[in-house]
Amino acid sequence: MSAPKIAMLGLGSMNGAILAGLLSGGHPVEQVVATTRSASSAQAKAEQYGITVLAEESAEDANLQAVRGADVVVLGVKPHQIVDVCAQIKDALAPRAVVTSVAAAVTVKMMESALNPDQPVIRTMPNTPLSVGLGVVGLAAGTSTTPAQVQQVSELFAASGSVHVLPESQIDALTGVAGSGPAYAFYLAEHMAAAGVEMGLDPELAADLAAQTLYGAGRMLVQNRGSADAAQLRRNVTSPNGTTQRAIETFDDAGMAATIRAGAQASARRAAEITEQLSSRG
Ligand SMILES: NC(=O)C1=CN([C@@H]2O[C@H](COP(=O)(O)OP(=O)(O)OC[C@H]3O[C@@H](n4cnc5c(N)ncnc54)[C@H](OP(=O)(O)O)[C@@H]3O)[C@@H](O)[C@H]2O)C=CC1
Ligand SMILES: O=C(O)[C@@H]1CCC=N1
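Definitions and limits used
Residues numbered from 1 in each chain as written. Chains lettered and ligands numbered in written order. Predicted model: local features only at pLDDT ≥ 70, side-chain atom pairs only at ≥ 80, totals over all residues. Heavy atoms only, no water. Helix = DSSP H or I, 4+ residues; strand = E, 2+ residues; numbered from the N terminus. Rg over C-alpha atoms; globule rule 2.2 N^0.38 Å. Buried < 20%, exposed > 50% of the residue type's maximum accessible area, 1.4 Å probe, protein only. Contact = heavy atoms within 4.5 Å. Areas by Shrake-Rupley, 256 points an atom, 1.4 Å probe, with all protein chains shown as cover. Near = heavy atom within 4 Å. Polar contact = N/O pair within 3.5 Å; in protein donor to acceptor, adjacent residues only side chain to side chain. Nonpolar A, V, L, I, M, F, W, Y, C, P; charged D, E, K, R; others polar. Domains from an automatic or database assignment. Axes fitted to C-alpha atoms, helices over the stretch in contact; angles between N-to-C directions. Parallel < 35°, antiparallel > 145°, perpendicular 65-115°, else oblique. Left-handed = near helix turned anticlockwise from the far one by under 90°. UniProt positions renumbered as here; feature names shortened; annotations may be inferred. Pairing = 2+ DSSP bridges. Right-handed = clockwise from strand over helix to strand, strands pointing away.

## Quick look at the overall build of the protein chain
In step 1: Counting secondary structure elements, the protein chain contains 12 helices and eight strands.
In step 2: For the protein chain, whose C-alpha radius of gyration is 21 Å, the value lies close to the compact-globule estimate of 19 Å for 282 residues.
In step 3: For the protein chain, with 282 residues in total, the buried portion stands at 40%.
In step 4: Put simply, 61% of the contacts in the protein chain that link residues at least 6 apart link residues at least 24 apart.
In step 5: Entry remark: accessible area of the protein chain is about 15,200 Å², with carbon and sulfur atoms responsible for 57%.

Below is the structure:
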């Protein structure tokens, strides 16, 4: 069976990461078309990825052109734009086209209300490590979406990460852990490297040490799933009364465990808050 034709509306950080994962997984470039707002961005992205990219700035109907004949449409614009883009493209979509949103906070119901009746919809929450084949995607199906369509979209993402089909009510929690999660790891890397510089290390070396340490620790977490959890792996590094123990005590004294939980939960709450704001916009 030939690869599905994909239209990506918006090609910024998230859809760019998804596209990079798809192309690395062997999806043919001629089976993908994307759109951006600005012409300069369209040109840069077309050169970067080797696909056709149309700009709204150059052609008002860029999104309509892109979705005609598409099997899967991936909406990668900002949350407040999703419903308007659904309304814009609804009559250009093939009835079988699966409208897949990556936006935080935008519900299946909001999208279905803006599309024609029975258009298949999928709400996802991906993360940017899809760009390197190590992403996470949470996926919730709409009311007219068949299991075969869920499978089709899951397979597109599975080439570049782990896919979790779950009730829509759990998407915000997944956002707090995995959608926003890469930023927490990058934040940790920033401050581990900064500490190294403050202790006299060359900045390049400090950045390399932080990156490689988080990369190695991440691989250990994944490879040891089922045999040793994160807490066990942490204990394995922590010699009694040694250096790591002093570091972890310092984190605990500063309330860092509670702060990390509060941060992830605040991300999820912010998603719910945006849903509220979008709902009251009507
Ligand atoms: N960044 C992340 O890690 C994650 C983001 N998301 C979700 O992904 C979505 C996009 O976020 P992100 O990629 O960070 O945002 P970006 O600002 O990086 O990208 C937005 C893209 O949309 C394009 N765009 C704007 N208006 C239109 C339009 N009317 N038609 C077509 N394209 C348009 C922009 O064009 P131009 O290039 O010209 O500016 C840009 O390419 C959001 O809904 C967010 O919730 C979900 C999970 C993780
Ligand atoms: O920060 C955001 O709102 C988006 C959604 C998850 C990650 N980035």
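From this point, things continue past the structure.
## Some points on the site of ligand 1
In step 1: In the vicinity of ligand 1, 23 residues are found, and the nearest of them are S13, M14, S38, S41 and V77.
In step 2: One of the side-chain nitrogen or oxygen atoms of Q81 is found 3.0 Å away from a nitrogen atom of ligand 1.
In step 3: Residue A104 places a main-chain N or O atom 3.0 Å away from an oxygen atom belonging to ligand 1.
In step 4: Considered on its own, ligand 1 offers 900 Å² of accessible surface; in the complex 79% of this is hidden by protein.
In step 5: Among the secondary structure elements, those contributing two or more residues to the shell around ligand 1 are α1 (13-24), β2 (32-36), α4 (79-89) and β6 (121-126).
In step 6: Split by residue class, the shell around ligand 1 holds nine nonpolar, 11 polar and three charged.

## Thoughts on the site of ligand 2
In step 1: Lining the immediate environment of ligand 2, one finds A104, G179 and S180.
In step 2: Taking 240 Å² as the accessible area of ligand 2 by itself, protein coverage stands at 43%.

## Considerations on the domain arrangement of the protein chain
In step 1: Taken as a whole, the protein chain is organised into domain 1 (6-167) and domain 2 (181-267).
In step 2: Between the C-alpha centres of domain 1 and domain 2 the distance comes to 34 Å.

## With respect to the packing of helix α7 (residues 171-179) against helix α12 (residues 256-281)
In step 1: Closest axis-to-axis distance for the α7/α12 pair is 7 Å, and the angle between their directions is 140°. On the basis of the axis angle, α7 is oblique to α12. In terms of crossing hand, the pair formed by α7 and α12 is right-handed. Contacts between α7 and α12 involve D172, A173, T175 and G176 from the former and A264, S267, A268, A271 and A272 from the latter.
In step 2: Among the residues forming the contact of α7 with α12, the class breakdown is five nonpolar, three polar and one charged.

## A few points about the UniProt feature "domain: Pyrroline-5-carboxylate reductase dimerisation" (unreviewed entry) in the protein chain
In step 1: The UniProt entry lists residues 168-273 under the feature "domain: Pyrroline-5-carboxylate reductase dimerisation" (unreviewed entry), expressed in the numbering used here.
In step 2: Its end C-alpha atoms 16 Å apart, residues 168-273 is made of 80% helix and 0% strand.

## Things to note about the pairing of strand β4 (residues 72-75)
In step 1: Every second residue of β4 is oriented toward a common face, with V72 and V74 on one face and V73 and L75 on the other, all of them buried.
In step 2: With four bridges connecting them, strand β1 (residues 6-9) and β4 associate as parallel partners. Within the sheet, the bridge partner assigned to I6 lies in β4 and is V72.
In step 3: The pairing of β4 with strand β5 (residues 98-101) spans four bridges and is classified as parallel. When the sheet's bridge partners are listed, L75 is paired in β5 with S101.
In step 4: Once you follow β4 into α4 and on to β5, the crossover reads as right-handed.

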